[in-house]
Amino acid sequence: MLFKQQALLRQKLFVLGSLAIGSLLYLVARVGSLDRLQPLCPVDGQFGPRGQEEIALRALQFKRGLLHEFRKGNATKEQIRLHNLVQQLPKAIIIGVRKGGTRALLEMLNLHPAVVKASQEIHFFDNDENYAKGIEWYRKKMPFSYPHQITIEKSPAYFITEEVPERIYKMNSSIKLLIIVREPTTRAISDYTQVLEGKERKNKTYYKFEKLAIDPNTCEVNTKYKAVRTSIYTKHLERWLKYFPIEQFHIVDGDRLITEPLPELQLVEKFLNLPPRISQYNLYFNATRGFYCLRFNIVFNKCLAGSKGRIHPEVDTSVITKLRKFFHPFNQKFYQITGRTFNWP
Ligand code: A3P
């Protein structure tokens, strides 16, 4: 009897012991992986000294959504003062191109601990009404950040709007400019798809892409169609080059950002003089979405909204061929100016 009770006790102790060791191992593994999380990584000295308090706060931001509160402008004056938070003008702007992958690029760069994104498109430089409100209005639209961090905003309309280069130059002539491009015909179809979806939502009828892209009178490419004009990258870039030297631009391959985002992001880190902090850990392929999604840490992942990655309508192959032929010389010029060559047909 006594022997049986002892055996039972030994069994219970064994189970409890195994549970305790298991939990301990789990905690060690979890802490180990937390250490590797990008948003908690300390930033190199080039961005100024960083105290313990800042690193701890960075962790809190993601855990409790504190940064979100700051961004919404809900931070108390005391919190802002205590953490030395500021609203800074952007040091880099994603100026375009619409449907090139501007949102994906901004969100992915925001994985970097030294980058803070302006969540909304601000449309300060392309919208006369906003521009008239002045630079302080623009600054107040920026998220709170630490002084060593850089703020990035994206408004793809900047790339194609006449007045924007001069206005940005007046704000900061040494600003860094990011342009993300895709194969021009695909971009034009993506642009069309977005407008089409808007029309369908409002129960409106809309023309087929072929009808808009090709002038029915001449049977040539319709250069008055905005989706076509936006894809003539070199024309727009030439306007920008009247104000900024080519060294201030970095061209991102939007097609590659879809299939292989990390190397593209590493090129941007280099261009922005940021230490390499975005890693494969931060990007995982989501088969359901068919795109890479973002992993900030063990608990916080996100994919882009469903409006990114729409299914394009079928387009007549002869129209595609015509468009590709039309864009070809402009593309050659674009490669020549930027020094970045793509395998566009
Ligand atoms: P499609 O909807 O044509 O596929 P923008 O943000 O400038 O409007 O660009 C939208 C495009 O970003 C999408 O175009 C999509 O292909 C592309 N994109 C790139 N990376 C993506 C990602 N990780 N998730 C979703 N869309 C992505």
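- Going by the annotation in an unreviewed UniProt entry, the name recorded for the protein chain is Sulfotransferase, with Aythya fuligula given as the source organism.
- Recorded under Subcellular location (unreviewed entry), the UniProt text for the protein chain is reproduced unchanged: "Golgi apparatus membrane".
- UniProt, in its Catalytic activity (unreviewed entry) section for the protein chain, records the words "alpha-D-glucosaminyl-[heparan sulfate](n) + 3'-phosphoadenylyl sulfate = 3-sulfo-alpha-D-glucosaminyl-[heparan sulfate](n) + adenosine 3',5'-bisphosphate + H(+)".

1. What to know about the site of the ligand
For step 1, the next point in the chain: By nearness alone, 18 residues border the ligand, and K99, T102, S190, Y292 and H312 come closest of all.
For step 2, the next point in the chain: R182 has a polar side-chain atom sitting 3.1 Å from an oxygen atom of the ligand.
For step 3, the next point in the chain: Secondary structure elements with two or more residues in the shell around the ligand: α5 (102–109) and β9 (291–295).
For step 4, the next point in the chain: Looking at the shell around the ligand element by element, the count peaks at 4 residues for α5.
For step 5, the next point in the chain: Counted by class, the shell around the ligand contains 6 nonpolar, 6 polar and 6 charged residues.

2. Overview of the state of the cysteines
For step 1, the next point in the chain: Tallying each qualifying case throughout the model produces 1 disulfide.
For step 2, the next point in the chain: Between the sulfur atoms of C293 and its disulfide partner C303 the distance amounts to 2.1 Å. Here the disulfide of C293 and C303 is right-handed, its torsion about the S-S bond being about 100°. On the criterion of sequence distance, the pair formed by C293 in strand β9 and C303 in the loop between β10 (301–302) and α15 (317–338) is long-range, its members being 10 residues apart.
For step 3, the next point in the chain: According to the relative accessible area criterion, C293 is buried, its value standing at 1%.

3. Section: the sheet that holds strand β5 (residues 150–154)
For step 1, the next point in the chain: A sheet is described by the order of its strands in space; here 5 strands give the open sequence β3-β5-β2-β6-β7, paired in parallel fashion. Each end of this open sheet is capped by a strand with a single partner; those strands are β3 (115–117) and β7 (249–253). Taking the axes of each pair of neighbouring strands and ignoring which way they run, one obtains an average angle of 25° across the sheet.
For step 2, the next point in the chain: The pairing of strand β6 (residues 176–181) with β7 spans 5 bridges and is parallel. Looking across to β7, one finds that L177 is bridged to F249.
For step 3, the next point in the chain: The sheet strands contacting α5 are β2 (92–96), β3, β5, β6 and β7, and the helix crosses β5 at an angle near 165°.
For step 4, the next point in the chain: The strands touched by helix α12 (residues 233–240) within the sheet are β2, β6 and β7, with β6 carrying the most contacts at an inclination of about 175°.

Calculation notes
Residues numbered from 1 in each chain as written. Predicted model: local features only at pLDDT ≥ 70, side-chain atom pairs only at ≥ 80, totals over all residues. Heavy atoms only, no water. UniProt positions renumbered as here; feature names shortened; annotations may be inferred. Near = heavy atom within 4 Å. Polar contact = N/O pair within 3.5 Å; in protein donor to acceptor, adjacent residues only side chain to side chain. Helix = DSSP H or I, 4+ residues; strand = E, 2+ residues; numbered from the N terminus. Nonpolar A, V, L, I, M, F, W, Y, C, P; charged D, E, K, R; others polar. Disulfide = S-S within 2.5 Å. Buried < 20%, exposed > 50% of the residue type's maximum accessible area, 1.4 Å probe, protein only. Pairing = 2+ DSSP bridges. Axes fitted to C-alpha atoms, helices over the stretch in contact; angles between N-to-C directions. Contact = heavy atoms within 4.5 Å.

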